[in-house]
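# Structure assessment
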Amino acid sequence: MFFVFFIFIIPLSVLLIVLYASRQKTDDEEIPTERLEVCAICHNDFPIKQLIEKEVGLYGRVYCFCGDCVDELYNDFNRQMGINQESN
Ligand SMILES: [Zn+2]
(Lines give C-alpha, C1' and ligand atoms only; values in the text may rest on other atoms or scores of the structure.)
Protein backbone atom coordinates (compact mmCIF):
# COMPACT_ATOMS: atom_id res chain seq x y z
CA MET A 1 0.00 0.00 0.00
CA PHE A 2 2.78 2.37 0.97
CA PHE A 3 4.66 1.54 -2.25
CA VAL A 4 1.59 2.16 -4.41
CA PHE A 5 1.07 5.48 -2.66
CA PHE A 6 4.60 6.58 -3.60
CA ILE A 7 4.25 5.32 -7.18
CA PHE A 8 1.37 7.75 -7.69
CA ILE A 9 2.30 10.65 -5.44
CA ILE A 10 5.92 11.21 -6.54
CA PRO A 11 5.27 11.49 -10.31
CA LEU A 12 2.21 13.61 -9.60
CA SER A 13 4.12 16.04 -7.37
CA VAL A 14 6.98 16.24 -9.90
CA LEU A 15 4.47 16.98 -12.64
CA LEU A 16 2.84 19.69 -10.52
CA ILE A 17 6.21 21.29 -9.75
CA VAL A 18 7.15 21.29 -13.46
CA LEU A 19 3.78 22.78 -14.42
CA TYR A 20 4.05 25.43 -11.71
CA ALA A 21 7.60 26.34 -12.74
CA SER A 22 6.70 26.64 -16.42
CA ARG A 23 3.61 28.71 -15.59
CA GLN A 24 5.67 31.07 -13.45
CA LYS A 25 8.16 31.46 -16.29
CA THR A 26 5.45 32.43 -18.80
CA ASP A 27 3.95 34.85 -16.26
CA ASP A 28 7.32 36.58 -15.98
CA GLU A 29 7.49 36.88 -19.75
CA GLU A 30 3.98 38.27 -20.03
CA ILE A 31 4.42 40.98 -17.42
CA PRO A 32 7.76 42.68 -17.99
CA THR A 33 8.89 44.00 -14.64
CA GLU A 34 9.96 47.60 -14.76
CA ARG A 35 13.71 47.97 -14.40
CA LEU A 36 14.64 49.63 -11.13
CA GLU A 37 17.80 51.61 -10.58
CA VAL A 38 19.27 53.03 -7.40
CA CYS A 39 19.70 56.77 -7.03
CA ALA A 40 23.40 57.46 -6.39
CA ILE A 41 22.60 60.00 -3.66
CA CYS A 42 19.62 58.74 -1.65
CA HIS A 43 20.02 55.03 -2.58
CA ASN A 44 16.29 54.58 -3.15
CA ASP A 45 15.03 52.40 -6.01
CA PHE A 46 13.25 54.14 -8.86
CA PRO A 47 11.98 53.07 -12.27
CA ILE A 48 14.64 54.03 -14.81
CA LYS A 49 12.23 56.52 -16.44
CA GLN A 50 12.16 58.64 -13.28
CA LEU A 51 15.93 58.98 -13.08
CA ILE A 52 18.45 61.07 -14.92
CA GLU A 53 21.62 59.27 -15.99
CA LYS A 54 24.89 61.17 -15.97
CA GLU A 55 28.43 60.12 -16.74
CA VAL A 56 30.61 60.96 -13.78
CA GLY A 57 34.37 60.91 -13.37
CA LEU A 58 37.35 60.03 -15.54
CA TYR A 59 36.21 56.46 -16.19
CA GLY A 60 32.81 57.53 -17.45
CA ARG A 61 30.89 55.67 -14.76
CA VAL A 62 27.17 56.32 -15.24
CA TYR A 63 25.24 57.30 -12.13
CA CYS A 64 21.50 57.75 -11.78
CA PHE A 65 19.93 60.63 -9.85
CA CYS A 66 16.32 61.01 -8.79
CA GLY A 67 14.32 64.21 -9.17
CA ASP A 68 14.29 64.96 -5.43
CA CYS A 69 18.07 64.74 -5.18
CA VAL A 70 18.54 66.88 -8.29
CA ASP A 71 16.16 69.45 -6.75
CA GLU A 72 18.06 69.33 -3.50
CA LEU A 73 21.39 69.83 -5.28
CA TYR A 74 19.91 72.74 -7.19
CA ASN A 75 18.59 74.30 -3.96
CA ASP A 76 21.90 73.69 -2.16
CA PHE A 77 23.75 75.36 -5.01
CA ASN A 78 21.43 78.35 -4.98
CA ARG A 79 21.72 78.65 -1.21
CA GLN A 80 25.51 78.54 -1.44
CA MET A 81 25.51 81.18 -4.17
CA GLY A 82 23.19 83.33 -2.08
CA ILE A 83 20.39 83.16 -4.59
CA ASN A 84 17.04 83.63 -2.91
CA GLN A 85 14.61 81.06 -4.31
CA GLU A 86 11.56 83.06 -3.24
CA SER A 87 12.51 85.92 -5.57
CA ASN A 88 12.11 83.70 -8.67
ZN1 LIG B 1 17.80 60.34 -4.89
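These remarks concern the structure in this document. For clarity, every value in this text was computed on a predicted model and none was experimentally measured.

The rules behind these values
Counting starts from 1 at the beginning of each chain's written sequence and moves along it residue by residue. Residues qualify for local features only when their pLDDT is at least 70, as the model is predicted, and side-chain atom pairs are given and counted only at 80 or more; totals for whole chains, interfaces and linings, by contrast, use all residues. Only runs of H or I of at least four residues qualify as helices and only runs of E of at least two qualify as strands under DSSP, and these elements are numbered from the N terminus. Counting other C-beta atoms within 10 Å of each residue's C-beta, where C-beta atoms are placed from the backbone, gives the exposure class: buried for 20 or more, exposed for 12 or fewer, partly exposed between. A pair of strands is treated as paired once DSSP finds two or more bridges between them. Whether two residues are in contact is decided by their C-beta atoms, placed from the backbone, lying within 7 Å.

Across its full length, the protein chain holds 2 helices and 4 strands. Overall, the protein chain shows an N-to-C arrangement of helices and strands of α-β-β-β-β-α. Burial statistics for the protein chain: of 88 residues in total, 5% are counted as buried.

Okay, the pairing of strand 4 (residues 61-66) next. Bridge count for strand 3 (residues 51-56) against strand 4 is 6 bridges, and the pairing is antiparallel. The residue bridging Glu-53 from the neighbouring strand is Cys-64, located in strand 4. The turn linking strand 3 back onto strand 4 is made up of 4 residues, and Gly-57 within it adopts a positive phi angle of 85 degrees.

With respect to the helices and strands, Ala-40 occurs in the loop between strand 1 (36-38) and strand 2 (45-47). Along the sequence, Ala-40 and Phe-65 sit 25 residues apart, while their C-alpha atoms lie 5.8 Å from each other. If sequence neighbours within four positions are ignored, Ala-40 has contacts with Tyr-63, Cys-64 and Phe-65.

Right, let's get into unusual backbone geometry. In this structure, His-43 takes a positive phi of about 60 degrees despite not being glycine. Topologically, His-43 is positioned in the loop between strand 1 and strand 2. His-43 gets classed as exposed once you count the C-beta atoms within 10 Å, which come to 9.

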